[in-house]
Amino acid sequence: MKKQVSALLAAGMAASLLVGCGGAASSSAANSTPAESTPASAATETATGESADITLWTYPIGKWGDSESVDALLADFNAKYPDIHVTVEYLDYTNGDDQVNTAIEGGSAPDLVMEGPERLVANWGAKGLMVDLSDLWTDEQKADISASVESACKDSSGAYYEFPLCMTAHCMAINKNVFEAAGAMQYVDAENHTWTTENFLKAVQAVYDSGKTDVGALYCSGQGGDQGTRALVNNLYGGTFTDAAHTKYTADSAENIKALETLKAQDGINFDASINGGEEITLFRNGTLQMAFCWNIAQQKNSDNGPAGTTNSGDEILFMGFPSESGKPALQGGIWGFGIFNNGDENKIAAAKNFINFMANSEETAKAVTTSSYFSVKKSLSDIYADDEIMNEYQKLMPYLGDYYQVTPGWAEARTAWWNMLQQVGADEDVTTAVNDFCATANAAASAS
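Residues numbered from 1 in each chain as written. Predicted model: local features only at pLDDT ≥ 70, side-chain atom pairs only at ≥ 80, totals over all residues. Heavy atoms only, no water.

## Side note on the overall build of the protein
Secondary structure assignment for the protein yields 16 helices and twelve strands. In the protein, buried positions account for 58% of the 449 residues. Put simply, 80% of the contacts in the protein that link residues at least 6 apart link residues at least 24 apart. Working note: accessible area of the protein is about 16,500 Å², and carbon and sulfur atoms make up 47% of it. (Helix = DSSP H or I, 4+ residues; strand = E, 2+ residues; numbered from the N terminus. Buried < 20%, exposed > 50% of the residue type's maximum accessible area, 1.4 Å probe, protein only. Contact = heavy atoms within 4.5 Å. Areas by Shrake-Rupley, 256 points an atom, 1.4 Å probe, with all protein chains shown as cover.)

## Regarding the side chain of Asn 234
Relative to the helices and strands, Asn 234 is located in helix H8 (residues 226-236). Aside from chain neighbours lying at most four places away, what touches Asn 234 is Gly 239, Thr 240, Phe 241, Asn 256 and Tyr 405.

## A look at the pattern of salt bridges
The tally for this structure, following the rule as stated, stands at twelve salt bridges. As a salt-bridge pair, Glu 316 and Lys 176 come within 3.9 Å of each other at their nearest N and O atoms. Residue Glu 316 is found in the loop between helix H11 (297-300) and strand E10 (317-320), and its partner Lys 176 is found in helix H6 (residues 176-181); the two are separated by 140 residues along the sequence. Judged by its relative accessible area of 37%, Glu 316 is partly exposed. Where salt bridges share partners, they join Asp 97, Glu 115 and Arg 119 into one cluster. (Salt bridge = Lys/Arg side-chain N within 4 Å of Asp/Glu carboxyl O.)

## Structural notes on helix H1 (residues 67-80)
Given a rise of 1.5 Å per residue, 14 residues ought to cover 20 Å, and the 20 Å separating the end C-alpha atoms of H1 matches this to within 8%. Regarding H1, the residues found buried are Ser 69, Val 70, Leu 73, Leu 74, Ala 75, Asp 76, Phe 77 and Asn 78. (Expected span 1.5 Å × (residues − 1).)

## Structural notes on the packing of helix H15 (residues 411-426) against helix H16 (residues 431-448)
Here H15 crosses H16 at 170 degrees, and the two axes come no closer than 9 Å. Here H15 is positioned roughly antiparallel relative to H16, judged by the angle of their axes. Here Glu 413, Ala 414, Ala 417, Trp 418, Met 421, Gln 424 and Val 425 of H15 come into contact with H16, specifically with Val 431, Ala 434, Val 435, Phe 438, Thr 441, Ala 442 and Ala 445. In terms of residue class, the contact of H15 with H16 is built from eleven nonpolar, two polar and one charged. (Axes fitted to C-alpha atoms, helices over the stretch in contact; angles between N-to-C directions. Parallel < 35°, antiparallel > 145°, perpendicular 65-115°, else oblique. Nonpolar A, V, L, I, M, F, W, Y, C, P; charged D, E, K, R; others polar.)

## Quick word on helix H12 (residues 346-360)
Between its first and last C-alpha atoms H12 spans 21 Å; for 15 residues at 1.5 Å apiece the expected length is 21 Å, and the two agree. Within H12, twelve of the 15 residues are buried, which leaves it mostly tucked inside the rest of the structure. Restricting attention to buried positions, one finds in H12 the residues Ile 349, Ala 350, Ala 351, Ala 352, Lys 353, Asn 354, Phe 355, Ile 356, Asn 357, Phe 358, Met 359 and Ala 360.

## Considering the packing of aromatic side chains
Inspection of every chain in the model, using the stated rule, returns 24 aromatic pairs. Relative to Trp 411, the ring of Phe 241 lies with its centre 6.0 Å away and its plane at 75 degrees, an arrangement referred to as edge-to-face. One end of the pair, Phe 241, is in the loop between H8 and helix H9 (254-265); the other, Trp 411, is in helix H15, and 170 residues separate them in sequence. Ring centres of Phe 284 and Trp 295 lie 5.5 Å apart, and the angle between their planes is 85 degrees; on these two criteria the pair is classed as edge-to-face. Residue Phe 284 is found in helix H10 (residues 277-285), and its partner Trp 295 is found in strand E9 (residues 291-295); the two are separated by eleven residues along the sequence. Each member of the pair, Phe 284 together with Trp 295, is buried. Every member of this aromatic cluster is reached through a ring pair, and the members are Trp 64, Phe 77, Tyr 81, Phe 338, Phe 355 and Phe 358. Over the aromatic face of Phe 241 sits the side chain of Arg 230, whose NZ or CZ is 5.5 Å from the ring centroid. (Phe/Tyr/Trp six-rings, centres within 6.5 Å; stacked < 30°, edge-to-face > 60°. Lys NZ or Arg CZ within 6 Å of the ring centre and 35° of its normal.)

Okay, here's the thing in structure tokens:
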């Protein structure tokens, strides 16, 4: 078994899909002048719900995981709705699901939750716990939001359990300085941020041969950041994670087995059961690893430990699509928005809809989107980053967005089975057996859903 990368974790992790601000609650009822932003058409406000105390639980979606930034948004909201008091709970991706599920079991679920369709639609919505938001999905909204995003927000029953705010394409990243020193940049299409599978393997070998033995890690201590390991495996030889109809898991294909065997045999790539995606990012930033498989625009723009787009020591970070045989990746997308738990109080539900309309469907939406550090789901707000060089460069990856398969039944169980499978491969178990066991577990969960 290859040696594992030691998890020497630096303080603080980047605001992303993985990193939160703890569990502190905060609220704001301050009045302020709303910031100017690009207009977007607003849906009709509900007739009730202009006076209520409601709770919002948010996962760390860019600076929606930062209390100061959220307080600024709430101040704008309260300038219009002074009698709707919003208390915010900040979740992380390590314990957030447990906190929400415990609250559900105790009859104290939050009124609003901010996350993606894999939780709001495929999990809590499918269990009948969420409010149908069909009234927010007017024809005007459907025309402004792509059909693929709309589909992800809708349950198979036809109910909409999410109203989306922002989206991005997940990717990977490399330490450009290290790659240059190793002569590995010849294998990278830096202009388009893409590479072929063959060139990816050559680049990893070159960096390894230069003395950087810990090039990349397939982290698998838990599900945090698993979108990166799935995308890496699926892209290498054109495998898929589910079928196109999102009814079953297909990770046991010959293409995926070949990808895992290739990664296991590659010098410099280690299967590390001691770290998750957030910890991988920290090790990449501090120079222990030379590439990260858990990356997106929020990570690229993070400046907690130095200028955006650099490691802690100042090396340049180049974001990259995942390698594929053709050089054209199928990137996994992230969609984030709002859902409402059905807690039986119609006035609170109406207040929560007012909150959603204000944040995702008004003249304030651009500010809410830029707080996420991601891109708007609305075509009418496609230019909100016109003056942002990093965001404009990152737009090159958006056309590579692939299938949003995270709404497949049994998703929660499949995520656990995936990192367990990676641990088995890292422990030198037979790859075919491990992947077949994964699919058996995941598909049993899908059938039971």
